[in-house]
Amino acid sequence: MSGRESFLLDGTPVPFAPGETVMQAALAAGHYIPHLCYHRDFKPHGSCKVCTVRAGGQTVASCTLPAQPGLEVESATPELEDNRRTLVQMLFVEGNHFCPSCEKSGNCLLQAVAYELGVLSADLDHLFPSRPIDASHPDLLLDFNRCILCELCVRASAEVDGKGVFALSGRGIGKHLIVNAESGRLVDTAIAATDKAVDVCPVGVILRKRVGFAVPIGRRRFDVAPVSAQAKGDAPRPPREKERR
Amino acid sequence: MRVDLETAAAPAGLRRVAIDPVSRVEGHGKVTILLDADDRVHQVRLHIVEFRGFEKFVQGRPFWELPVMVQRLCGICPVSHHLAAAKALDVVVGATRLTPTAEKVRRLMHYGQILQSHALHFFHLASPDLLFGFDSPVEKRNIVGVAAEYPDVARKGVLLRRFGQEVIRVTAGKRIHGTGAIPGGVNKSVAPEERDALLADAYRMIGWSREAVELVKRLHFANVGLYNSFGSFRSNMLSLVAPDGSLDLYHGGLRARDEAGRILFDHAGYQRYWDLITEEVKPWSYMKFPFLRELGAEQGWYKVGPLVRVQNCDQIPTPFADAERREFVDFGGGQPIHATLAYHWARMIEMLFAAEEIKALLHDDDITGNDLVVTGTPQRRGVGVIEAPRGTLIHHYRLNAHDQVMRANLIVSTTHNNQALNHAIRQVAKRYLDGRRLTEGLLNHIEVAIRAFDPCLSCATHALGRMPLAVDLVDAAGDTIGRLRRDGDGGCVDAAAAGRKDGP
Ligand code: SF4
Ligand code: FES
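Please read all numbers here as calculations on a predicted model, not as lab measurements.

A.B. asks: Any details on the overall build of chain A? Residues and values, ideally.
C.D. replies: When you go through chain A residue by residue, the secondary structure sums to seven helices and nine strands. Each of the three principal axes of chain A carries a C-alpha extent, and together these read 55 × 45 × 40 Å. For chain A, with 245 residues in total, the buried portion stands at 48%. Looking at chain A alone, contacts between residues at least 24 apart form 63% of all its contacts between residues at least 6 apart. Counting every atom, chain A has about 11,800 Å² of accessible surface; 52% of that belongs to carbon and sulfur.

What follows is the structure in structure tokens.
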């Protein structure tokens, strides 16, 4: 790694390759910055704001911030962590998240980030939206109650699967995930259980039917180690590995 | 003897007394008593509000969530709901026969639950009344009092329960709200080191369970008149039995007997339980009243739970528990035992059975196997029945073509016992309360009868083993004329009359 340029993350030098974002370089070096809408296989989106840091006198999303030599980035400050907690709490109350009976529990990024940030309760009034599930597809199920609007499925379906099955509609608090079909139902789209879009959802919205609780509690991704200890697993894959996929 | 105090002949002008246990968890029970000016009892009713809305709540949910979701129904025996739902969904995924590993791991989980629940009930909840007497000082009548005077009993109770919880953790993944049973099987088997750790304690648990049976027997024999008559009533009986007639709390066919012990039906498949059992609604209670269809609502009500199961089976497949069963049955002298307090004795025989079953399953290599799940031709309807600690538990689901739950019907143990509980407290009210001034000790008699069934409304009492009660005396005009209140730590105060009913 010698000879590579680096920036400072909370005072620690982090080397980076040209074109990398602060998030990508930090994760590759094993430094965790909380995030939800960032995914190593997709272009940064910058919408959840959980990854917000202070750099160069500004408050910016680290997943879209290009790394620059000598840049001083603050991430683990009490104020930034506080803001992150509030963002996560808002996501919890805007949807219907009932971890104890959710099959994604232990594999859910929202839950893992909440634990990481020490979110123990919502501290805000729940909105209890009414969002019926879409079970129309024979192999897949959509439980809209848990959507955090990260648009990963939108991106995956459009960019990888070439199908454009999902989209976001509405604005502000009314923003919600929709299915691109005249009927609005998943069964009337071209989605297949093997699509990238099916695997990419960080929470429990897009689910394969009838597999539910096949993996026991205790053996799920975030049961094994907290999300912060798995930073490298979220780092961008080296180009060759990506091709093989 | 049947006592009919369900509805007073002339309710006008009677005083109403409400025994209102505070509910912190699911169940909420209340006893109302109508008294006349001479304190004579005219009407006694147990009202239970529980599980409302659950059937609605699961509508539209994907079926594979149910075994995990239904554990929220009850904080006391979540494993029973977990397994009953999983059994119903075995039918839905077409798993007509589970793999040996799946079936045995589930059995292990279930017997762990029976052990921990029966231990909790007997040692924490019932033993203070039984060891010290129903009228003993309230300060003493709790698990702390038991620990002070009978430290060995209390300690073993705690450790028996902990062992049961450990069996659950190993099989379900967590002590509470595990995910072990899934439609068509289980998601994990038992690791050899987990098995060995449990085996190291298993024999001691059998020994302690035998001591517990001895203790409860001693209490029964020491006061035979009271134990045989207290809250006693004759009724039909219902439980699952194994194909060979053995006691089996995990699976089997339905067997019903009449009050004299004659078989009404036997080895009946439960997939169409509604051909055998139906439910009546009464205007004064949220909880339905199930009865055997062929006998009708008047004659067809029955009881469920340990007292029934130990007598309904032909034998118990483990040696120590079967020897105890024989002694129990002999005690009845050829007649079924209907004594409400004999529930405790039967419950300890079942705890012994559970301990012996756990030991046998731990020695079975199948529990460490890898063949976990089977599926077959999917169905749109499934019924799962299990003998939960408190009695027969029925889960019934109908799905639409998209794997969503359309309709759920649950008949929980306490609902099966609804009429029986009412009979027990009417019996006690008639015998002990009639014509006397109410005191805390007298009210406790009502609770002792309720507690013998270990109904789910006792959720609220498990922490300290007692129900906080508020009893209001209301005159004919509906005004509160007196109040007796007992708080959670046993203090009993005569609160002055207040116009406002500040119930729990
Ligand atoms: S469905 Fe999942 S992947 Fe798609 S926007 Fe919602 S949370 Fe993100
Ligand atoms: S991870 Fe950067 S904005 Fe969502």
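A.B. asks: Would you mind going over the packing of helix α4 (residues 100-132) of chain B against helix α12 (residues 342-362) of chain B in detail, with residue names and values included?
C.D. replies: All names here are of chain B. At a minimum axis separation of 9 Å, α4 and α12 run at an interaxial angle of 150 degrees. Here α4 runs over α12; the crossing is left-handed. Looking at the contact of α4 with α12 residue by residue, the class counts come to 17 nonpolar, four polar and five charged.

A.B. asks: How would you explain the pairing of strand β4 (residues 58-61) of chain A if you had to name every residue and give the values?
C.D. replies: Residue and element names in this part refer to chain A. In the sheet, strand β3 (residues 52-55) pairs with β4 via four bridges, with the strands oriented antiparallel. Bridge pairing links R54 to T59 in β4. Remark: two residues form the turn of the hairpin made by β3 and β4, two consecutive strands paired antiparallel; G56 in that turn has positive phi of roughly 55 degrees.

A.B. asks: Describe the domain arrangement of chain A, naming the residues involved and giving the relevant values.
C.D. replies: All names here are of chain A. For chain A, the assigned domains are domain 1 (5-76) and domain 2 (99-223). Computed from C-alpha atoms alone, the centre-to-centre distance between domain 1 and domain 2 is 26 Å. With 13 residues of domain 1 at the contact, the number on the domain 2 side is 17 residues. Together domain 1 and domain 2 conceal approximately 1,100 Å² of surface at their shared face, both sides included; 68% is due to carbon and sulfur atoms.

A.B. asks: Could you give an account of the domain arrangement of chain B, naming the residues involved and the relevant values?
C.D. replies: Residue and element names in this part refer to chain B. The assigned domain composition of chain B is domain 1 (2-49 + 431-447), domain 2 (98-232 + 338-373) and domain 3 (468-504). Look at where the C-alpha atoms of domain 1 and domain 2 centre, and you get two points 32 Å apart. Domain 1 puts six residues into the contact, and the matching count from domain 2 is seven residues. Summing both partners gives a buried area of about 530 Å² for domain 1 against domain 2, and 46% of it is carried by carbon and sulfur. For the domain 1 face of the interface with domain 2, the top three residues by lost area are Y432, N444 and H445, together amounting to 74%. Applying the counting rule to domain 1 against domain 2 returns zero salt bridges. Our count for the domain 1 to domain 2 interface comes out at zero residue pairs in polar contact (both at pLDDT 80 or more). With five residues, the top contributor of residues to the side of domain 1 that touches domain 2 is helix α15 (residues 440-452).

A.B. asks: Break down the packing of aromatic side chains for me, with residues and values.
C.D. replies: Residue and element names in this part refer to chain B. In this structure the tally under the stated criterion is twelve aromatic pairs over all chains. Residues Y111 and F353 carry aromatic rings whose centres are separated by 5.3 Å and whose planes lie at 80 degrees to one another, so their mutual orientation is edge-to-face. Of this pair, Y111 sits in helix α4 while F353 sits in helix α12, and the two are 242 residues apart along the sequence. Look at F353 and you get buried, because its relative accessible area is 1%. In textbook terms, an aromatic cluster arises when at least three aromatic residues are bridged by ring pairs, as seen for F221, F328, F331 and W345. Taking the ring centre of Y250 as reference, the NZ or CZ of K87 above it sits at 4.6 Å. Positioned above the aromatic ring of F320 is the side chain of R210, whose terminal nitrogen or guanidinium carbon lies 3.7 Å from the ring centre.

A.B. asks: An account of the pattern of salt bridges is requested, with residue identities and associated values reported.
C.D. replies: Tallied over the entire structure, the rule returns 43 salt bridges over all chains. Residue R255 of chain B is joined to D314 of chain B by a salt bridge in which the shortest nitrogen-to-oxygen separation is 3.0 Å. Residue R255 of chain B is located in strand β7 (residues 253-257), and its partner D314 of chain B is located in the loop between α10 (306-312) and α11 (319-331); the two are separated by 59 residues in the primary sequence. A relative accessible area of 37% means that D314 of chain B is categorised as partly exposed. Here D314 of chain B ties to R257 of chain B by a salt bridge, and the two come within 4.0 Å at their closest N and O atoms. One end of the pair, D314 of chain B, is in the loop between α10 and α11; the other, R257 of chain B, is in strand β7, with 57 residues separating them in the sequence. Here the residues in one salt-bridge network are D139, K209 and R210 of chain A together with D403 of chain B, joined through shared partners.

A.B. asks: Please give an account of the interface of chain B and chain A that cites residues and values.
C.D. replies: Quite often, the size of an interface is put as the accessible area lost when its parts meet. Residue-level contacts link 17 residues of chain B with 23 residues of chain A. A combined buried area of about 1,700 Å² lies between chain B and chain A, and 62% of that area is made up of carbon and sulfur atoms. Three residues, W64, N187 and H402 of chain B, lead the burial of chain B against chain A; their summed loss comes to 31% of the area buried on that side. Our count for the chain B to chain A interface comes out at four salt bridges.

A.B. asks: If you had to explain the side chain of R84 of chain A to someone new, which residues and values would you point to?
C.D. replies: Residue and element names in this part refer to chain A. Structurally, R84 can be placed in helix α2 (residues 78-94). What makes R84 buried here is its relative accessible area of 2%. Side chain to side chain, R84 and E81 meet in a polar contact 2.6 Å long. Once residues lying within four places of it in the same chain are set aside, the contact partners of R84 are I33, P34, V50, C51, T52, V53, S75 and L117.

Reading the values: rules and limits
- Residues numbered from 1 in each chain as written.
- Chains lettered and ligands numbered in written order.
- Predicted model: local features only at pLDDT ≥ 70, side-chain atom pairs only at ≥ 80, totals over all residues.
- Heavy atoms only, no water.
- Helix = DSSP H or I, 4+ residues; strand = E, 2+ residues; numbered from the N terminus.
- Buried < 20%, exposed > 50% of the residue type's maximum accessible area, 1.4 Å probe, protein only.
- Contact = heavy atoms within 4.5 Å.
- Areas by Shrake-Rupley, 256 points an atom, 1.4 Å probe, with all protein chains shown as cover.
- Axes fitted to C-alpha atoms, helices over the stretch in contact; angles between N-to-C directions.
- Left-handed = near helix turned anticlockwise from the far one by under 90°.
- Nonpolar A, V, L, I, M, F, W, Y, C, P; charged D, E, K, R; others polar.
- Pairing = 2+ DSSP bridges.
- Domains from an automatic or database assignment.
- Buried area = accessible area lost by both parts, 1.4 Å probe.
- Salt bridge = Lys/Arg side-chain N within 4 Å of Asp/Glu carboxyl O.
- Polar contact = N/O pair within 3.5 Å; in protein donor to acceptor, adjacent residues only side chain to side chain.
- Phe/Tyr/Trp six-rings, centres within 6.5 Å; stacked < 30°, edge-to-face > 60°.
- Lys NZ or Arg CZ within 6 Å of the ring centre and 35° of its normal.

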